[in-house]
Amino acid sequence: MCLVVNLRYMLMSAALSQKIAPGTSWFHRILMACCVTDEVFGVSIAHPGYCPPAYTYSAALISTLFWASGCAAGIIAGGMLPTNIVAALSVALYGMFIAIIMPPARDDRHVLYAVAASFALSGACAVAPVISSWSSGTRTIVLTIVISAVAAWLKPVKTD
């Protein structure tokens with residue numbers, strides 16, 4: 001389970017490797033790789049052009065401080081709020097992921113197509129005879145690789 005859940009970092013790292021300037025030293029590349037989280041990925045992938053090491057380090061520092069502070073505040077608030085309110089707040093995680101994918105989808109119709117395909121195929125695979133027996137994490141990883149590979153093949157990003 002741990003392997004499947006953390007495979008997403010391999011995908012994020014592969015995408016972010018394209019955002020590192022060619023002359024960046026191996027030292028900075030290794031340190032930047034240690035900073036990959038969902039939040040750092042979200043802001044880095046949306047950054048136009050290459051992400052300098054200072055951008056990645058700043059994003060990691062700020063997101064880590066706020067993540068830790070938010071966790072502490074959530075633990076305290078979760079202990080004081082009624083159970084049904086705490087359960088309703090769990091939807092906020094889905095809202096965060098939607099907030100990450102919607103700006104690029106608005107700006108590029110190909111990204112919108114990939115997002116729409118991921119929703120449709122995820123739903124279809126959840127009920128498909130053989131694939132529905134896979135764990136949801138495995139389905140997500142396989143769909144991510146397949147959809148992004150097809151998108152990259154159909155509409156490769158132009159580089160200089």
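Here the structure is shown first, and the text comes after it.
The paragraphs below set out a description of the structure included in this document. Note that this is a predicted model, so its numbers are computed, not measured.

Analysis parameters
Residues numbered from 1 in each chain as written. Predicted model: local features only at pLDDT ≥ 70, side-chain atom pairs only at ≥ 80, totals over all residues. Heavy atoms only, no water. Helix = DSSP H or I, 4+ residues; strand = E, 2+ residues; numbered from the N terminus. Contact = heavy atoms within 4.5 Å. Areas by Shrake-Rupley, 256 points an atom, 1.4 Å probe, with all protein chains shown as cover. Lys, Arg positive; Asp, Glu negative; His and termini not counted. Charge placed at Lys NZ, Arg CZ, Asp CG, Glu CD. 1 Å grid on protein atoms, 1.4 Å probe; cavity = no way out; pocket = protein on both sides within 12 Å on 5 of 7 lines; lining within 4 Å. Points joined across faces, edges and corners; volume = space filled by probe spheres on them. Patch = residues over 30% accessible without salt bridge, like charges linked within 9 Å, V, L, I, M, F, W, Y side chains within 5 Å. Salt bridge = Lys/Arg side-chain N within 4 Å of Asp/Glu carboxyl O. Buried < 20%, exposed > 50% of the residue type's maximum accessible area, 1.4 Å probe, protein only. Polar contact = N/O pair within 3.5 Å; in protein donor to acceptor, adjacent residues only side chain to side chain. Phe/Tyr/Trp six-rings, centres within 6.5 Å; stacked < 30°, edge-to-face > 60°. Lys NZ or Arg CZ within 6 Å of the ring centre and 35° of its normal. Axes fitted to C-alpha atoms, helices over the stretch in contact; angles between N-to-C directions. Parallel < 35°, antiparallel > 145°, perpendicular 65-115°, else oblique. Nonpolar A, V, L, I, M, F, W, Y, C, P; charged D, E, K, R; others polar.

1. Regarding the overall build of the protein
Scanning the protein from terminus to terminus reveals eight helices and zero strands. Ordering the α and β elements of the protein from the N terminus gives α-α-α-α-α-α-α-α. Of all intrachain contacts in the protein linking residues separated by at least 6 positions in sequence, the fraction that spans at least 24 positions is 55%. Of the roughly 11,300 Å² that the protein leaves accessible, carbon and sulfur atoms contribute 75%. Within the protein, the 5 negative side-chain charges are centred at a point lying 6 Å from the centre of the 8 positive side-chain charges.

2. A closer look at the layout of surface pockets
Volume-wise, the second largest pocket comes out at about 190 Å³. Around the second largest pocket, the lining comprises 14 residues; the ones closest to its centre are Leu16, Ile20, Met32, Ala33 and Val36. Of all elements in the fold, only helix 1 (2-17), helix 2 (26-33) and helix 3 (38-46) reach the threshold of two or more residues within the lining of the second largest pocket.

3. Some points on a nonpolar patch on the surface
A cluster of nonpolar side chains, Val130, Trp134, Val142, Val146, Val150, Trp153 and Leu154, forms an exposed patch at the surface whose accessible area comes to about 720 Å². Among the structural elements, Val130 can be located in the loop between helix 7 (109-127) and helix 8 (136-154). Take Val130: its relative accessible area is 58%, and that puts it in the exposed class.

4. Concerning the pattern of salt bridges
The final tally for this structure, using the stated rule, is one salt bridge. Put simply, Asp38 and Arg8 hold a salt bridge, and the shortest N to O gap is 3.1 Å. Of this pair, Asp38 sits in helix 3 while Arg8 sits in helix 1, and the two are 30 residues apart along the sequence.

5. With respect to the side chain of Asp38
Residue Asp38 is classed as buried on the basis of its relative accessible area of 16%. A distance of 3.1 Å separates polar atoms of two side chains, one belonging to Asp38 and the other to Arg8.

6. A short note on the packing of aromatic side chains
Applying the stated rule across the entire model yields zero aromatic pairs. Sitting over the ring of Trp26, Arg29 keeps its end group 5.8 Å from the ring centre.

7. Considerations on the side chain of Thr24
For Thr24, the location among the structural elements is in the loop between helix 1 and helix 2. There is a polar contact of 2.9 Å between the side chain of Thr24 and the backbone oxygen of Ala21. Contact partners of Thr24, with chain neighbours within four places excluded, come to Arg29, Met32 and Pro53.

8. Things to note about the environment of Trp134
Looking at where Trp134 falls in the secondary structure, it is placed in the loop between helix 7 and helix 8. Among all residues touching Trp134, those that are not within four sequence positions of it are Arg139 and Val142.

9. Thoughts on the packing of helix 6 (residues 92-107) against helix 7
With their axes 5 Å apart at the nearest point, helix 6 and helix 7 run at an angle of 130 degrees to one another. Of the possible angle classes, the one that applies to helix 6 and helix 7 is oblique. Together, Ile101, Pro104, Ala105 and Asp107 of helix 6 and Arg109, Val111, Leu112, Val115 and Phe119 of helix 7 make up the contact between the two elements. Broken down by class, the residue content of the contact of helix 6 with helix 7 amounts to seven nonpolar, no polar and two charged.

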